[in-house]
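An overview of the molecular structure
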Amino acid sequence: MNFRVLALFLLLLQVAWPQARLDWSTPFAVDGIRLGDTRQQVFKAMGAPRENTRGKLDVWKYKDLEVSFQGDSVARLYGSALQQNKQTLVRVGELANVVKGRFGEPEDNQALGVQSHPEVDVMMYQNETTTIGVFARAGRVSLVGLSRR
């Protein structure tokens, strides 16, 4: 009986999250912040950062979010949830295989020049302008990233 319930759940999950669901025509966000948002928009949404470092990119750090600015606009984000149209597509803690089932096979990391790490599975998805990174440890999503290419 439990196997039937599990099989039904997995079938429903596939219907709810069809493969290759990424729609690149609509902007993505990480924890509500989008690429291109201004410092003022981020400050209004998140408040003052707990840490601010300056370098090639200015980085604002919050509890579960890191926002990198190039000039006055967001160029890179790392956080706990990838969203699109206020719908969460990926969140920390979910199974990495579910993400692969939802989005399809990720790009070849070696071809992208992404170094492998024995403890972290890096799943990269990209188009001409944007890169999505989903990082997993022990089979579960541990971090999501979004950046301009």
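Described in the following lines is the structure provided in the data block. Remember, it's a predicted structure, so these values are computed and weren't measured experimentally. (Residues numbered from 1 in each chain as written. Predicted model: local features only at pLDDT ≥ 70, side-chain atom pairs only at ≥ 80, totals over all residues. Heavy atoms only, no water.)

This next bit is on the pairing of strand β7 (residues 81-84). On β7, burial covers both faces: Ala-81 and Gln-83 on one face and Leu-82 and Gln-84 on the other are all buried. The sheet contact formed by strand β1 (residues 28-30) and β7 spans three bridges and is antiparallel. Residue pairing across strands places Val-30 opposite Leu-82, the latter belonging to β7. The hairpin formed by β7 and strand β8 (residues 87-91) contains two residues between the paired strands, and Asn-85 there has a positive phi angle of roughly 55°. (Buried < 20%, exposed > 50% of the residue type's maximum accessible area, 1.4 Å probe, protein only. Helix = DSSP H or I, 4+ residues; strand = E, 2+ residues; numbered from the N terminus. Pairing = 2+ DSSP bridges.)

Another aspect to go through is helix α3 (residues 96-103). Ala-96, Val-99, Arg-102 and Phe-103 are the residues of α3 that are buried. All buried residues of α3 lie within an arc of 120° about the axis, which places them on one face of the element. Looking one or two places after α3, you find Gly-104, whose phi comes out positive at around 95°. (Arc of directions from axis to C-beta.)

Read from one edge of the open sheet, seven strands run β3-β4-β5-β6-β11-β10-β9, paired in antiparallel fashion. The open sheet terminates on both sides in strands that have one partner only, identified here as β3 (51-53) and β9 (121-126). The average undirected angle you get between the axes of adjacent strands in this sheet is 15°. The sheet contacts of helix α2 (residues 39-46) involve β4 (58-61), β5 (66-70) and β6 (73-79), and relative to β4 the element is tilted by about 10°. Its contacts with the sheet put α3 on β9, β10 (130-137) and β11 (140-148), and the angle it makes with β9 is roughly 20°. (Axes fitted to C-alpha atoms, helices over the stretch in contact; angles between N-to-C directions. Contact = heavy atoms within 4.5 Å.)

Moving on to the sheet that holds β1. On the basis of which strands lie adjacent, the open sheet formed by four strands has the order β2-β1-β7-β8 and antiparallel pairing. Of all strands in the sheet, those bounded by a partner on one side alone are β2 (33-34) and β8.

Our focus in this paragraph is the side chain of Thr-26. Topologically, Thr-26 is positioned in the loop between α1 (2-16) and β1. There is a polar contact of 3.2 Å between the side chain of Thr-26 and the side chain of Asp-23. Once residues lying within four places of it in the same chain are set aside, the contact partners of Thr-26 are Gln-84 and Asn-85. (Polar contact = N/O pair within 3.5 Å; in protein donor to acceptor, adjacent residues only side chain to side chain.)

Here the focus is unusual backbone geometry. Within the chain, Asn-85 stands out as a residue other than glycine whose phi angle is a positive 55°. In this fold, Asn-85 is placed in the loop between β7 and β8. Here Ala-138, not a glycine, exhibits a phi torsion of approximately 50°, which is positive. Assignment of secondary structure puts Ala-138 in the loop between β10 and β11.

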